[in-house]
Amino acid sequence: MSRLNWFTASPGAAKALTGLHQFVATQTDLPAPLIYLVFLRVSQLNGCAHCIDLHSRDLLKTGMSVDKLLLVPVWHEAHYLFSAQERSALAWAEEVTRVSETHVSDEAYAAASAAFTEKDLVELTAAIAAMNAFNRMGVSFRLRPAAKA
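As the structure is a prediction and not an experimental result, all values here were calculated from the model.

The rules behind the values
Residues numbered from 1 in each chain as written. Predicted model: local features only at pLDDT ≥ 70, side-chain atom pairs only at ≥ 80, totals over all residues. Heavy atoms only, no water. Core = buried A, V, L, I, M, F, W, Y, C linked by side-chain atoms within 4.5 Å. Buried < 20%, exposed > 50% of the residue type's maximum accessible area, 1.4 Å probe, protein only. Helix = DSSP H or I, 4+ residues; strand = E, 2+ residues; numbered from the N terminus. Contact = heavy atoms within 4.5 Å. Polar contact = N/O pair within 3.5 Å; in protein donor to acceptor, adjacent residues only side chain to side chain. Patch = residues over 30% accessible without salt bridge, like charges linked within 9 Å, V, L, I, M, F, W, Y side chains within 5 Å. Areas by Shrake-Rupley, 256 points an atom, 1.4 Å probe, with all protein chains shown as cover. Salt bridge = Lys/Arg side-chain N within 4 Å of Asp/Glu carboxyl O. Axes fitted to C-alpha atoms, helices over the stretch in contact; angles between N-to-C directions. Left-handed = near helix turned anticlockwise from the far one by under 90°. Nonpolar A, V, L, I, M, F, W, Y, C, P; charged D, E, K, R; others polar.

We now examine the nonpolar core. Within the largest apolar cluster, 25 residues are counted, with the highest numbers of intra-cluster contacts made by Val38, Trp92, Phe116, Leu124 and Ile128. When residues of this core are assigned to their parent elements, the largest contribution, 6 residues, is made by helix H9 (residues 118-140). If near-sequence neighbours (up to four positions away) are discounted, isoleucine 128 is found in contact with Val38, Val42, Trp92, Ala93, Val96 and Thr97. Of all hydrophobic cores here, the second largest spans 10 residues; its members include Leu59, Leu69, Val72 and Phe82.

Its location among the elements puts leucine 40 in helix H3 (residues 32-46). Distance from leucine 40 to arginine 57, taken between C-alpha atoms, is 9.8 Å for residues 17 residues apart in sequence.

Before going further, it helps to examine unusual backbone geometry. The phi dihedral of valine 104 is positive, around 45°, even though this residue is not glycine. Structurally, the position occupied by valine 104 is in the loop between helix H7 (99-102) and helix H8 (106-115). With phi around 55°, arginine 142 is a residue other than glycine that occupies positive phi space. Tracing the backbone shows arginine 142 in the segment after H9.

Moving on: the side chain of threonine 28. Counting through the fold element by element, threonine 28 comes out in the loop between helix H2 (11-26) and H3. For threonine 28, a relative accessible area of 12% translates into the label buried. From its side chain, threonine 28 meets the backbone nitrogen of leucine 30 in a polar contact 3.3 Å long.

The subject of this paragraph is a nonpolar patch on the surface. On the surface, a nonpolar cluster with roughly 280 Å² of combined accessible area is contributed by Leu60, Val66 and Leu70. When you line up the elements, leucine 60 lands in helix H4 (residues 49-61).

With that settled, the discussion passes to the packing of H3 against helix H6 (residues 84-97). Direction vectors running N to C along H3 and H6 enclose 35°, while the axes themselves pass 9 Å from each other. For the pair H3 and H6, the sense of crossing is right-handed. The segment H3 lies against H6, with Leu34, Leu37, Val38, Arg41, Val42, Leu45 and Asn46 engaging Gln85, Glu86, Ala89, Leu90, Ala93, Glu94 and Thr97. Here the contact of H3 with H6 is composed, by residue class, of 8 nonpolar, 3 polar and 3 charged.

As a further point, take the pattern of salt bridges. This model, assessed by the stated rule, comprises 5 salt bridges. Between lysine 119 and aspartate 29 there is a salt bridge, with the nearest N and O atoms lying 3.4 Å from each other. You can see lysine 119 sitting in helix H9 and its partner aspartate 29 sitting in the loop between H2 and H3, a full 90 residues away along the chain. The class of lysine 119 is partly exposed, set by a relative accessible area of 41%. Ionic pairing is found between aspartate 53 and arginine 57, a salt bridge with its closest N-O pair at 3.0 Å. Within this pair, aspartate 53 and its partner arginine 57 are both found in helix H4, separated by 4 residues, close to a single helical turn. Overall, the relative accessible area of 37% leaves arginine 57 in the partly exposed class. When salt bridges with common partners are traced through the structure, they connect Asp29, Lys119 and Glu123 into a single cluster.

Attention now goes to the environment of arginine 142. Exposure remark for arginine 142: the relative accessible area of 46% places this residue in the partly exposed category. Distance from arginine 142 to serine 2, taken between C-alpha atoms, is 7.9 Å for residues 140 residues apart in sequence. If we skip the residues at most four places from it in the chain, arginine 142 touches Arg3 and Met137.

Set out below in structure tokens:
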């Protein structure tokens, strides 16, 4: 079943979400590959095909190897492929995305706080929140991935 295009149905909502996304993607001190990595992991957790496709392509453009990209869902097992900062960001992304299960534990907060400055932690959390919002729109309205068979 075809679903509506939420960008055209509510340009105001699209502009608001896009504004937050643009801020975290372009106006923070966080490196773009780290932001894209977090966007990808959050999208994997939420099952948003469009965003998984988009941010996988973003990571490939930054030079991430296909081998590393394929192991993002199991980064805990392939931890040696990811930097300490990437592991911390991935752990925080999972904790915040699964907030109804984790309640964002004190242990997770302490670990993230040790890896990021206060400003960077707030902006990383905003990136996670933005992607969670986009995933909900993407899944709800079935945004199609660019991938072709």
